[in-house]
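Here's the letter readout for the chains.
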Amino acid sequence: MPPQSLSELTEHLGYWLRLVSNHVSHTFAARLAAKHVTVAEWVMMRTLYGKEPMLPSQIAADMGMTRGAITKLADRLIGKSLVVRKASRDDGRAQTLALTARGMSLTPELAALADRNDAEFFDHLSEAERKTLERLLRRMVERNNLTAMPTD
C-alpha cells in the first residue's frame, strides 16, 4: 500500500511562525544569558519596573502565571539581588515584590537588548509591514484568547 500523501511542513503557517519565533526568542535568550538573566526573569523585571511594590498575586495575573511560579521566579531574582520581598504597607501579613536599585539600573539595559533584538529581526520591514504584522498577530491573540506572557 502506498504511503498516504502528507502536506509539507512549509505549507503550514505555524511552521513559519515557529521558525521566526524560535530564532527571535533564542537570540534574545542568549543575549539575556550573557547578563545572567533568563527571559522569565526579564519579563518579571519589566513588569515591576517603574511600579510601586506589587503583590505576587498581581504579578501572577499580569504575567499569566501561577502564584507558585511567581514565587520561584522571585526567589531566583532575590538570589541575584535584583528583587526584594517586603511586607506590604497596606497589610503587614502580605508581602510585595519590588526591584532593587541594581534591578532598576539593569532593567533599561535589558530593555535595550530587547530593542536591538527586535531591530535585528524586523527592521528590514517597512513601517506598514510591521503594523500589518502586529495587527494580524494581535488579532490572532485576541481570537484565541492568549493571555500568558511569553517567558520561554
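Notes on the structure follow. Given the structure is predicted, the values throughout are model-derived calculations rather than measurements. (Residues numbered from 1 in each chain as written. Predicted model: local features only at pLDDT ≥ 70, side-chain atom pairs only at ≥ 80, totals over all residues. Heavy atoms only, no water.)

Points about the overall build of the protein
Logical step 1: Scanning the protein from N- to C-terminus turns up six helices and two strands.
Logical step 2: Secondary structure elements in the protein, listed N-terminal to C-terminal, are α-α-α-α-β-β-α-α.
Logical step 3: A compact globule built from 152 residues should have a C-alpha radius of gyration of about 15 Å, whereas the protein, at 19 Å, is more than 25% larger.
Logical step 4: Dimensions of the protein, computed from C-alpha atoms along their principal axes, come out at roughly 70 × 35 × 30 Å.
Logical step 5: With 152 residues in all, the protein has 25% of them scored as buried.
Logical step 6: Sequence-distant contacts, at least 24 apart, represent 55% of the contacts inside the protein between residues at least 6 apart.
Logical step 7: Taken as a whole, the protein presents about 10600 Å² of accessible surface, with 56% of it coming from carbon and sulfur.
Logical step 8: Across the protein, the centroid of the 21 positively charged side chains sits 6 Å from that of the 18 negatively charged ones. (Helix = DSSP H or I, 4+ residues; strand = E, 2+ residues; numbered from the N terminus. Rg over C-alpha atoms; globule rule 2.2 N^0.38 Å. Buried < 20%, exposed > 50% of the residue type's maximum accessible area, 1.4 Å probe, protein only. Contact = heavy atoms within 4.5 Å. Areas by Shrake-Rupley, 256 points an atom, 1.4 Å probe, with all protein chains shown as cover. Lys, Arg positive; Asp, Glu negative; His and termini not counted. Charge placed at Lys NZ, Arg CZ, Asp CG, Glu CD.)

As for the packing of helix H2 (residues 39–48) against helix H4 (residues 67–79)
Logical step 1: The contact between H2 and H4 brings their axes to 10 Å, and the two run at 90 degrees. For the element pair H2 / H4, the angle class is roughly perpendicular. Note on element contacts: H4 touches H2 through Ile 70, Leu 73, Ala 74, Arg 76 and Leu 77, opposite Ala 40, Glu 41, Met 44 and Met 45. (Axes fitted to C-alpha atoms, helices over the stretch in contact; angles between N-to-C directions. Parallel < 35°, antiparallel > 145°, perpendicular 65-115°, else oblique.)

A short note on the pattern of salt bridges
Logical step 1: Under the counting rule described, the total for this entry stands at nine salt bridges.
Logical step 2: One salt bridge in this structure joins Lys 80 and Glu 41, with 2.7 Å as the shortest N-O distance. Of this pair, Lys 80 sits in the loop between H4 and strand E1 (83–87) while Glu 41 is found in helix H2, placing the two residues 39 residues apart along the sequence.
Logical step 3: Assessed through its relative accessible area of 28%, Lys 80 is described here as partly exposed.
Logical step 4: Glu 41 gets classed as buried once you look at its relative accessible area, which sits at 1%.
Logical step 5: Among the ionic pairs, Asp 123 bridges to Arg 130, the shortest N-O distance being 3.4 Å.
Logical step 6: We classify Asp 123 as exposed; its relative accessible area is 53%. (Salt bridge = Lys/Arg side-chain N within 4 Å of Asp/Glu carboxyl O.)

Observations concerning unusual backbone geometry
Logical step 1: Its identity as a non-glycine residue notwithstanding, Ser 81 has a phi of 60 degrees, on the positive side.
Logical step 2: Given the relative accessible area of 41%, Ser 81 is considered partly exposed.

Observations concerning the pairing of strand E2 (residues 95–99)
Logical step 1: With four of its five residues buried, E2 lies for the most part within the structure.
Logical step 2: Relative to E2, E1 runs antiparallel, the two being bridged by five bridges. Opposite Ala 87, over in E2, you have Gln 95 as the bridge partner. (Pairing = 2+ DSSP bridges.)

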